[in-house]
Amino acid sequence: MKRKTGDKLPPRPQTPLSPQDALARKQAREQKDAEVRGVASIAAMRDAIKQASRSLPAISEVPRVAALDAAAFNALAAKGLPFIITGLVGKWPLCALTPQDLRAEFGELPVRARVGDYVNTAFASDRAMQDMSLREYLDLTAGTETDPDLPPYVGNLEMRPLNRLCHWPAYFKKMGPPRFWLGPARTVTPLHCDYDDNIFAQIRGVKRIFLAPPHHDEFLYPREANAILFGSPFDPEAPDFDQFPLARQAALTECIMQAGELLYVPAGWYHQVRALTFSLSANRWARAQPLVLRDEAPTATHF
């Protein structure tokens, strides 16, 4: 029996704004972002995150820990390092669904796929997208393992009917809505950082993730997409040190996410994500002062 899938896609980007209107919108968004996170300045928050990361120890691997309650999670996350939680996500009902189940039960769900070269246009407002149903997407990407081109990728969509089969832990006092990421092997989100704490659930399949600490942005040639999102043109899977010589100094740590695992990505940590098999993932960003700064100041006056 098919489940109701009355989800709607977000609106497409509008006609490009004038430089004056674009600046005004950017400033308004940054002010709102600061208010949501309880800080006075997003720029100062970014700087504080990078400064705090300079005292972190270098890591050669991302540790795995057993399921944590909220207090234990917050205490560990406040140290500012990534870690993987086991024994939690695998219990979600969504983890039991195969791609065939998704097609049969949620086939009419509308999705928006990234198409073409979505790596080099990852943070552009006008990147190529294609709207379709989930069934059409799964049909489109079937058998793309040997295709030389990037397979289309469904990413960063709410897909609320799927979320009804997830049981998110209450690790953050304020969280944004769940975002789902779906695609075959070789789909990729290039290197970037979000200045919000992030929990990333690997629901089905296997993904490879590279991580680098916030203050190593000085080696990663960052480009601002918005005040809380920065991309990097450097590819840790195919490093070009002739073009990006400073990247030799970036401390990149690789981890392999298995189905049923949950990764904590602290605010400001750069990460690149590639599916090694057909994968379904979901994440949630905190909407509060990053945990690594929680002992710095409890209120907005610090920033």
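The preceding data block contains the structure.
Since the structure is predicted, the reported quantities are computational estimates derived from the model, not experimental observations.

K.L.:
Quick question: what am I supposed to make of the sheet that holds strand β15 (residues 279-285) here?
P.N.:
Within a sheet, neighbouring strands are paired by backbone hydrogen bonds and run either parallel or antiparallel to one another. With respect to topology, nine strands assemble into an open sheet ordered β1-β2-β13-β8-β15-β6-β5-β3-β4, the strand pairing being mixed. The open sheet has two edge strands with one neighbour each: β1 (64-65) and β4 (129-133). For strand β6 (residues 179-183) and β15, the ladder comprises five bridges, and the chain directions are antiparallel. Counterpart to Arg179 in the pairing with β15 is Asn283. Against the sheet, helix α3 (residues 70-77) contacts β1, β2 (83-85), β8 (198-204) and β13 (261-265), and its axis sits at roughly 165° relative to β2. Contacting β3 (110-114), β4, β5 (153-157) and β6, helix α5 (residues 134-141) runs over the sheet at an angle of about 115° to β4.

K.L.:
Please explain the nonpolar core as it appears in this structure.
P.N.:
What tends to happen in soluble globular proteins is that the nonpolar side chains get buried as a cluster. One finds Phe73, Leu94, Leu102, Phe180, Ile203 and Leu262 to be the most contacted residues of the largest nonpolar core, which totals 40 residues. In contact with Leu262, other than residues within four places in its own chain, are Phe83, Ile84, Ile85, Leu88, Val89, Trp168, Pro169, Tyr171, Ile199, Phe200, Ala201 and Met257.

K.L.:
Looking at this model, I keep getting lost on unusual backbone geometry. Mind explaining?
P.N.:
It is generally the case that most residues other than glycine have a negative phi and that most peptide bonds are trans. At Asn156, a residue that is not glycine, the phi angle is positive and equals roughly 65°. Looking at the secondary structure, you find Asn156 in strand β5. A positive phi angle, near 45°, is found at Met159, a position not held by glycine. Along the polypeptide, Met159 turns up in the loop between β5 and α6 (160-163). In this structure Met159 comes out as buried when scored by relative accessible area, which is 2%.

K.L.:
Explain α3 here, please?
P.N.:
Since one α-helical turn is 3.6 residues long, residues separated by three or four positions face the same way. Within α3, the full set of buried residues consists of Phe73, Asn74 and Ala77. One side of α3 holds all its buried residues, which, seen down the axis, span an arc of 95°. Residues of α3 that are buried make contact with β2, β8 and β13. Structurally, the start of α3 carries an N-cap: the backbone nitrogen of Ala71 is 3.3 Å from a side-chain oxygen of Asp69.

K.L.:
How should helix α1 (residues 19-37) be read in this particular structure?
P.N.:
Between its first and last C-alpha, α1 extends 27 Å over 19 residues, near the 27 Å set by a 1.5 Å rise per residue. Among all positions in α1, only Asp33, Ala34 and Arg37 are buried. Looking straight down α1, one finds its buried side chains confined to an arc of 95°; they lie on one side. Opposite the buried face of α1, at more than 90 degrees from it, the exposed residues are Gln20, Arg25, Gln31, Lys32 and Glu35. Following α1 by one or two positions, Gly38 adopts a phi angle in the positive range, close to 70°.

K.L.:
Would you mind showing me how to read the sheet that holds strand β12 (residues 253-257) here?
P.N.:
Read from one edge to the other, the open sheet built from six strands follows the order β10-β11-β7-β14-β9-β12, with strand pairing classed as antiparallel. One side of each edge strand has no neighbouring strand; the edge strands of this open sheet are β10 (223-226) and β12. Sheet twist, expressed as the mean angle between neighbouring strand axes with direction ignored, is 30°. Sheet topology note: the strand β9 (residues 207-212)/β12 ladder contains five bridges and is antiparallel. Its bridge partner being in β12, Arg208 is matched across the sheet by Ile256.

K.L.:
What am I meant to see in the side chain of Asn226 here?
P.N.:
Tracing the sequence through the fold places Asn226 in strand β10. With relative accessibility at 15%, the residue Asn226 sits in the buried group.

K.L.:
Even after reading the chapter, I still don't get the pattern of salt bridges, so can you show me in this structure?
P.N.:
If the charged atoms of two oppositely charged side chains come close together, the side chains can form a pair. All chains considered together, the criterion is met by 15 salt bridges. For Asp217, the salt bridge identified is with Lys50, shortest N-O distance 3.0 Å. Residue Asp217 is located in the loop between β9 and β10, and its partner Lys50 is located in helix α2 (residues 42-53); the two are separated by 167 residues in the primary sequence. A residue is classified by how much of its surface remains accessible, and Lys50, at 18% relative accessible area, is buried. The shortest N-O distance in the salt bridge between Arg54 and Glu218 comes to 3.1 Å. In this pair, Arg54 sits in the loop between α2 and β1 while Glu218 sits in the loop between β9 and β10, placing the two residues 164 residues apart along the sequence. For Arg54, a relative accessible area of 45% puts it in the partly exposed group.

K.L.:
How do you make sense of the packing of aromatic side chains when you look at a structure like this?
P.N.:
This model, assessed by the stated rule, comprises 12 aromatic pairs. Between the aromatic rings of Phe73 and Tyr171, the centroid separation amounts to 4.0 Å while the plane-to-plane angle is 0°, which identifies the pairing as stacked. Placement of the pair is Phe73 in helix α3 and Tyr171 in the loop between α6 and β6, with a sequence separation of 98 residues. A relative accessible area of 4% places Tyr171 in the buried class.

Here is what the cut-offs are and how they apply
- Residues numbered from 1 in each chain as written.
- Predicted model: local features only at pLDDT ≥ 70, side-chain atom pairs only at ≥ 80, totals over all residues.
- Heavy atoms only, no water.
- Pairing = 2+ DSSP bridges.
- Helix = DSSP H or I, 4+ residues; strand = E, 2+ residues; numbered from the N terminus.
- Contact = heavy atoms within 4.5 Å.
- Axes fitted to C-alpha atoms, helices over the stretch in contact; angles between N-to-C directions.
- Core = buried A, V, L, I, M, F, W, Y, C linked by side-chain atoms within 4.5 Å.
- Buried < 20%, exposed > 50% of the residue type's maximum accessible area, 1.4 Å probe, protein only.
- Arc of directions from axis to C-beta.
- Polar contact = N/O pair within 3.5 Å; in protein donor to acceptor, adjacent residues only side chain to side chain.
- Expected span 1.5 Å × (residues − 1).
- Salt bridge = Lys/Arg side-chain N within 4 Å of Asp/Glu carboxyl O.
- Phe/Tyr/Trp six-rings, centres within 6.5 Å; stacked < 30°, edge-to-face > 60°.

Read these as geometric descriptors, not functional statements.
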